[in-house]
Amino acid sequence: MGTWAEQALELLTPQELVGQLVLSGVGDRREEVLQLAKEGKIGALIFYGKDMPDPLSTAQLANEFQRRPKVPLLIAADFESGTGFIMRGGTKLPSNMAIGATGSAELAQRCGEVTAKEARAVGIHCAFAPVVDVNVNPQNPIINIRSFGSDPDEVARLAVAWIAGCQSNGSMATAKHFPGHGDTSEDSHRVMPVVPHDMERMWRVELKPFQAAINAGIAAIMTAHIHFPRY
């Protein structure tokens with residue numbers, strides 16, 4: 001028989017199955033994206049700050065979208081420092097670097113737990129967090145306090161604790177930014193940073209937290225838009 005989800009997927013057309021692979025924003029295109037959801041042309045959404053003026057409005061928006069498709073949508077958001085990172089009215093948690101300064105895996109786990117509970121309360125299933133980049137470059141303009149620190153073993157330990165807190169409370173965690181954005185000196189939202197390291201160095205530093213996250217059962221991994229000429 002299979003699960004209800006497997007049964008539902010078996011009823012989708014090839015075009016609708018392709019739609020399950022597409023993630024869309026909302027913003028000012030609300031009616032257009034609602035129609036795409038109804039037609040099975042998207043399978044997931046990402047909510048940004050302008051979509052989430054407060055928890056009630058966020059939950060109402062999520063519910064409105066979930067009434068349209070044959071298969072429930074996966075909804076994600078960038079909740080790096082709790083839901084309050086981009087949703088007004090959510091809990092704004094300390095940065096990863098602040099957690100790293102405490103060295104407390106318990107605090108990291110609690111942050112993941114709070115994030116998951118608040119996210120699910122407003123209809124969001126997937127947190128695009130935690131950042132597991134190892135911040136070894138003091139000139140890094142985009143990772144810096146988003147990282148747990150400069151020690152790959154500590155970053156791995158605290159990331160695994162955060163993931164456990166998040167995923168044991170019904171939310172998907174996402175390790176980012178694979179294969180490592182910590183040793184860059186440029187903002188990858190503006191230019192294409194280059195990380196020149198060989199694989200020995202990558203396994204020793206950048207990739208270590210990702211391997212730990214995978215071993216811990218991380219639900220998703222986000223790739224970086226950066227260039228690794230030796231990778």
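Residues numbered from 1 in each chain as written. Predicted model: local features only at pLDDT ≥ 70, side-chain atom pairs only at ≥ 80, totals over all residues. Heavy atoms only, no water.

Caption draft 1: Expanded view of the overall build of the chain. From N to C terminus, the chain includes nine helices and six strands. Rg of the C-alpha trace for the chain: 18 Å, near the compact-globule value of 17 Å for 231 residues, within the 12% margin. Here the C-alpha coordinates of the chain stretch approximately 45 × 40 × 40 Å along the principal axes. Out of the 231 residues belonging to the chain, those deemed buried represent 47%. In the chain, once contacts between residues fewer than 6 apart in sequence are set aside, the share between residues at least 24 apart is 70%. Here the chain displays about 11200 Å² of accessible surface, and carbon together with sulfur accounts for 55% of that area. In the chain, the 21 positive side-chain charges and the 25 negative ones have mean positions that sit 4 Å from each other. (Helix = DSSP H or I, 4+ residues; strand = E, 2+ residues; numbered from the N terminus. Rg over C-alpha atoms; globule rule 2.2 N^0.38 Å. Buried < 20%, exposed > 50% of the residue type's maximum accessible area, 1.4 Å probe, protein only. Contact = heavy atoms within 4.5 Å. Areas by Shrake-Rupley, 256 points an atom, 1.4 Å probe, with all protein chains shown as cover. Lys, Arg positive; Asp, Glu negative; His and termini not counted. Charge placed at Lys NZ, Arg CZ, Asp CG, Glu CD.)

Caption draft 2: Quick peek at the nonpolar core. Counting 43 residues, the largest nonpolar core has L45, F47, F65, I124 and W162 as the members making the most contacts within it. In terms of residue count, the dominant contributor to this core is helix α7 (residues 152–167) (seven residues). What L45 contacts, discounting residues up to four positions off in sequence, is L23, S24, G25, V26, V33, F65, L73, L74, I75 and A76. Formed by six residues, the second largest nonpolar core is a distinct cluster that contains V195, A224, I226 and F228. (Core = buried A, V, L, I, M, F, W, Y, C linked by side-chain atoms within 4.5 Å.)

Caption draft 3: Up close: the packing of α7 against helix α9 (residues 208–215). Where α7 meets α9, the axes come as close as 8 Å, and the angle between the chain directions of the two elements is 30°. As judged from the angle between their axes, α7 and α9 are roughly parallel. For α7 against α9, the interelement crossing comes out right-handed. Residue-level inspection shows P152, D153, V155, A156, V160 and I163 of α7 in contact with α9, the latter providing K208, P209, A212 and A213. Looking at the contact of α7 with α9 residue by residue, the classes come out as eight nonpolar, no polar and two charged. (Axes fitted to C-alpha atoms, helices over the stretch in contact; angles between N-to-C directions. Parallel < 35°, antiparallel > 145°, perpendicular 65-115°, else oblique. Left-handed = near helix turned anticlockwise from the far one by under 90°. Nonpolar A, V, L, I, M, F, W, Y, C, P; charged D, E, K, R; others polar.)

Remember, this is a structural readout, not a statement about activity or role.
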